[in-house]
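# Remarks on the overall topology
Residue strings, one per chain:
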Amino acid sequence: MSITATELKTNLSKYLLLSATEDIYITRNGKVISKLTNPFQERVDIAKSLFGILPNDVSLEEAKEERLKQI
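Described in the following lines is the structure provided in the data block.

Before going further, it helps to spend a moment on the sheet that holds strand β3 (residues 31–36). Here we have three strands laid out as an open sheet, ordered β1-β2-β3, and mixed in their pairing. The two strands at the open ends of the sheet, each matched to only one other strand, are β1 (2–4) and β3. Here the average twist between neighbouring strands, direction ignored, is 35°. When strand β2 (residues 24–28) meets β3, the two strands line up antiparallel, connected through five bridges. Residue R28 lies in a different strand from β3, and its bridge partner there is K31.

Cut-offs applied
- Residues numbered from 1 in each chain as written.
- Predicted model: local features only at pLDDT ≥ 70, side-chain atom pairs only at ≥ 80, totals over all residues.
- Heavy atoms only, no water.
- Pairing = 2+ DSSP bridges.
- Helix = DSSP H or I, 4+ residues; strand = E, 2+ residues; numbered from the N terminus.
- Axes fitted to C-alpha atoms, helices over the stretch in contact; angles between N-to-C directions.

Set out below in structure tokens:
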């Protein structure tokens, strides 16, 4: 999402909440001057990449045992 600096000043609280889920690019005179982003977005992306990594038919205990065998 891209917004002007004036829009950010007017609705700061709205954009702070929105920045938790998406990057917001702030522009002045048509040029991007800053980016408002979630500092933990990397963690969110990593967690999303791990979602569904285990098959549904494997129990947590079986997964732990398998992991310990690899060590």
